[in-house]
Amino acid sequence: MRALPCALLALLSTAAGAASITTIPDEAVTQAIALRDAALKDKQAYEILESLTTEIGPRLAGSENDQKARDWAVARFKALGFDKVWSEPVTYPKWVRRSESAALVSPFAQKLAVTALGYSPGTPKGGITAPLVMFNSLDALKAARPEDVKGKIVFVSARMQAHKDGHDYGIGSPIRSRGPAIAAELGAAAFVLRSAGTDSHRLPHTGVTSWKPDGKRIPAAAVSNPDADLIEQALRRGQPVQLKLQLDCGMDGEYTGANVIADITGSEKPDEVVILGGHLDSWDLGTGAIDDGAGVAIGMSVGAMIGRLPQAPKRTIRVVAFANEEAGLYGGKAYAAAHKHEVAQHILGSESDFGSDRIWRLQASVKPEALPAIDRMMQVLAPLGVERGMGRGNGGPDLSPIHAEGMAALSLTNDGTRYFDYHHTADDTLDKVDPEQLAQNVAVYVTWAYMAAQADGDFGSAPGAFKQAEE
Ligand SMILES: [Zn+2]
């Protein structure tokens, strides 16, 4: 979008007084351009990500590596020049994966590539062997009669296609998160889904499922796309298909981890913060490079770049390495609960959690008087290939809870065409990160974050500010 039409600007000026319009001083724009161009040549984010994925590796929430990753984050933040680094506790139920396997028993014996879903209970020792009943959508499963499902393994198969904005995750994700509980209520023995992913490799995609507090729980897992194809083809021949599922996994008490938080303290308005970050936890199959080591590396690198400027930013730049996003936004919710009383001081925020391929779109939830400042940001971001989207900005997963409390927020959309090839699989590794595109991400984040820190005026953060837009 271009600048606000003059008529609207005039209206805003007369209605609320010209002083209420948020602007970016010219010298801040010049500095942002210099930061943007420097970021494109900077290799620090990649180096941080290489360190996290090599020295720590997978970071399943509550695992031994969870603690190691937090220690790593504290040390990194300090080494990068953040002047305040601290942790805030985040408590959640801990889930562990020990082993998993599945095989077709009939019409012929064939091992399947399978992975348990987070929060799945294990099978009895020796596994579950049962006939399969297939549904091609969550709605079809909801409409099933209990007598068609009872004692069977429910299989839900819906293929996701790759899209730039990743919107087919809206098909796969609800099947994974809600399907098992629905199948359990219908009396199924176990639940298997076609992986919520777009690849054609025998690498299943894990991810969390959710249960009603006192509802029935059954073993739940995902098979790879080629295995799902095979099962479908076998079923199409009208022969009974039997599957054996063996999962050793389950709940293991409660765990208290932490959000690791770091500030580059502002020089003029230290209590006002511009916030960014990523989640430090990852699934355990790969090394969590795209999900979400990249987000952590981008945030750390942006803070470090701004921190190295001769003049500290006016407002504080805060970077959060969030705890346990994967099992249900535990870190983001804990941050919002701990900081909602200071939501008005959270000037603007956005988390990176959609890989690190090129950012192509910015969407903003800000007050109307701040739109000229967003337009100014867009002018500096346009050469990076970022266009303005007219949807809302929710700040990304872990900042959505504090956005819901009233923080102004941006959503920066990466090119998600290949994201769901790797997401939550053993293939989420460093080689999938393109250093050049990662640098473009850092350039985008450093631009808006610096301009927000220097803005004259705010973006509309206030308790309950964006409630209407949510509804
Ligand atoms: Zn993520």
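A short tour of the structure in this document, coming up. (Residues numbered from 1 in each chain as written. Predicted model: local features only at pLDDT ≥ 70, side-chain atom pairs only at ≥ 80, totals over all residues. Heavy atoms only, no water.)

**Here's the deal with the overall build of the protein chain**
And step 1. A tally of regular secondary structure across the protein chain gives 15 helices and 14 strands.
And step 2. Burial analysis of the protein chain (471 residues in total) assigns 59% to the buried set.
And step 3. Restricting the contact set of the protein chain to residue pairs at least 6 apart, pairs at least 24 apart contribute 84%.
And step 4. Split by element, the accessible area of the protein chain, about 18,100 Å² in all, is 53% carbon and sulfur.
And step 5. Averaging the locations of the 47 positively and 57 negatively charged side chains of the protein chain gives two centres separated by 5 Å. (Helix = DSSP H or I, 4+ residues; strand = E, 2+ residues; numbered from the N terminus. Buried < 20%, exposed > 50% of the residue type's maximum accessible area, 1.4 Å probe, protein only. Contact = heavy atoms within 4.5 Å. Areas by Shrake-Rupley, 256 points an atom, 1.4 Å probe, with all protein chains shown as cover. Lys, Arg positive; Asp, Glu negative; His and termini not counted. Charge placed at Lys NZ, Arg CZ, Asp CG, Glu CD.)

**Details of the side chain of Thr53**
And step 1. Tracing the backbone through its elements, the reader meets Thr53 in helix α3 (residues 44–56).
And step 2. A relative accessible area of 9% places Thr53 in the buried class.
And step 3. Discounting chain neighbours no more than four positions away, the residues touching Thr53 are Thr287, Gly288, Ala289 and Leu430.

**Points about the environment of Asp165**
And step 1. Considering the arrangement of structural elements, one finds Asp165 in the loop between β5 (153–156) and α7 (169–185).
And step 2. A relative accessible area of 34% places Asp165 in the partly exposed class.
And step 3. For the pair formed by Asp165 and Gly179, sequence separation is 14 residues and the distance between their alpha carbons is 24 Å.
And step 4. A polar atom in the side chain of Asp165 sits 2.7 Å from the side chain of His167. (Polar contact = N/O pair within 3.5 Å; in protein donor to acceptor, adjacent residues only side chain to side chain.)

Honestly, it's all geometry; don't read function into it.
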